[in-house]
Amino acid sequence: MNLPYLILLAIIFFLVLFLPFLNKRVEKNLEAFFLIMGSFSIFNLLIFGKESLNLQFAIHCLKEPIIISLACLISGLLFHHFQNRIKNGVFALERSIGLFSPFLLIVFLGIISSIITAIITSLILVEIIYDLSIKRKEKIAFCVLSCFSIGLGAALTPIGEPLSTVAISKLKGLPHNAGFFFLFNILYPYILSGIILLAILGAFVYKRGKRGLEIEKKEEEKKEIKRVFIRSAKVYIFIIALVLLG
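Residues numbered from 1 in each chain as written. Predicted model: local features only at pLDDT ≥ 70, side-chain atom pairs only at ≥ 80, totals over all residues. Heavy atoms only, no water.

Enquirer: Which residues make up the packing of aromatic side chains, and what values do they have?
Expert: The full count for this structure, using the stated rule, is eight aromatic pairs. Where Phe-33 meets Phe-34, the ring centres are 5.9 Å apart and the plane angle is 55°; that geometry is what we call tilted. Classification of Phe-33 as buried rests on a relative accessible area of 9%. Aromatic pair Phe-142 and Tyr-206: ring centres 6.2 Å apart, planes at 55°, arrangement tilted. (Phe/Tyr/Trp six-rings, centres within 6.5 Å; stacked < 30°, edge-to-face > 60°. Buried < 20%, exposed > 50% of the residue type's maximum accessible area, 1.4 Å probe, protein only.)

Enquirer: Please provide a residue-by-residue account of the packing of helix H7 (residues 118-130) against helix H8 (residues 136-154), values included.
Expert: In a pair of packed helices, the angle between the axes and the distance between the axes together describe the arrangement. Close contact between H7 and H8 brings their axes to 10 Å; oriented N to C, the two are set at 160°. Considered as vectors, H7 and H8 are oriented roughly antiparallel to each other. The handedness of the crossing between H7 and H8 comes out as right-handed. Where H7 approaches H8, its residues Ala-118, Thr-121, Ser-122, Leu-125, Ile-129 and Tyr-130 are matched on the opposing element by Lys-139, Phe-142, Cys-143, Ser-146, Cys-147, Ile-150 and Ala-154. A per-class count over the contact of H7 with H8 returns nine nonpolar, three polar and one charged. (Axes fitted to C-alpha atoms, helices over the stretch in contact; angles between N-to-C directions. Helix = DSSP H or I, 4+ residues; strand = E, 2+ residues; numbered from the N terminus. Parallel < 35°, antiparallel > 145°, perpendicular 65-115°, else oblique. Left-handed = near helix turned anticlockwise from the far one by under 90°. Contact = heavy atoms within 4.5 Å. Nonpolar A, V, L, I, M, F, W, Y, C, P; charged D, E, K, R; others polar.)

Enquirer: Provide a residue-level description of the confidence of the model for the protein chain, including the pertinent values.
Expert: This prediction gives the protein chain a mean pLDDT of 81; 87% of its residues lie at or above 70. Below pLDDT 50 for its whole length, residues 214-222 participates in six contacts with residues either more than four positions away or in separate chains. (pLDDT = per-residue confidence, 0-100.)

Enquirer: Before we move on, could you go through the nonpolar core and cite the residues and values that matter?
Expert: Burial of nonpolar side chains together is a common tendency in soluble globular proteins. Phe-34, Ile-106, Leu-109, Ile-124, Leu-132 and Phe-142 are the most contacted members of the largest nonpolar core, which totals 47 residues. Of all elements in the fold, only helix H3 (30-47), helix H5 (66-97), helix H6 (100-116), H7, H8, helix H10 (182-210) and helix H11 (226-245) reach the threshold of two or more residues within this core. Ranked by residues supplied to this core, first place goes to H11 with eight residues. (Core = buried A, V, L, I, M, F, W, Y, C linked by side-chain atoms within 4.5 Å.)

Dropping the structure here:
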């Protein structure tokens with residue numbers, strides 16, 4: 001590869017790595033930013049890398065995000081319809097089995113994120129955390145632990161999160177011939193162990209947050225269904241951007 005190609009590639013790499021942390025506007029429009037950077041990387045490949053792209057690559061870019069985008073859309077619509085029942089079920093579980101419920105909740109969120117995507121699982125977590133009857137400090141800690149669990153679990157399948165989708169996409173050919181359960185078969189002992197550890201820590205945090213609790217009532221915000229479609233479209237764009245960058 002020639003020097004201009006490597007220089008531009010390095011610039012793109014550092015912009016992708018650091019700019020979202022340095023600029024709030026970029027952080028809020030991450031999908032569009034990644035798509036622009038991905039387009040620049042393809043431009044760099046064509047002009048300075050002297051490579052050629054074909055129709056098959058374009059089809060691959062458009063097809064790769066479909067599964068996770070549809071999963072996000074369908075899961076989002078189902079959650080929008082059943083969100084109150086989900087919350088009531090969680091709180092009924094809390095009343096019946098007490099401190100074992102936060103442990104089960106974190107484990108459940110971690111595992112289910114690989115099926116209904118990390119995005120929808122995070123929405124479920126938000127709805128539950130919003131009305132969780134523990135002190136604010138412990139509520140924040142419990143939320144962070146749950147997010148770690150979701151992030152770990154989502155890596156198990158290509159529909160869990162965009163990065164696992166791209167990973168499977170890049171490993172499909174020889175020598176790995178990666179299929180749907182490729183990451184699961186390799187990572188599940190480590191990821192499940194991590195989720196269980198986070199659930200144990202979450203149970204202790206929850207127990208501590210119950211002491212001296214003062215409950216504050218808050219008004220519930222209604223979620224608009226159009227956000228479900230917007231979120232799915234953003235996921236689609238984000239994965240195309242990651243494929244281009246990859």
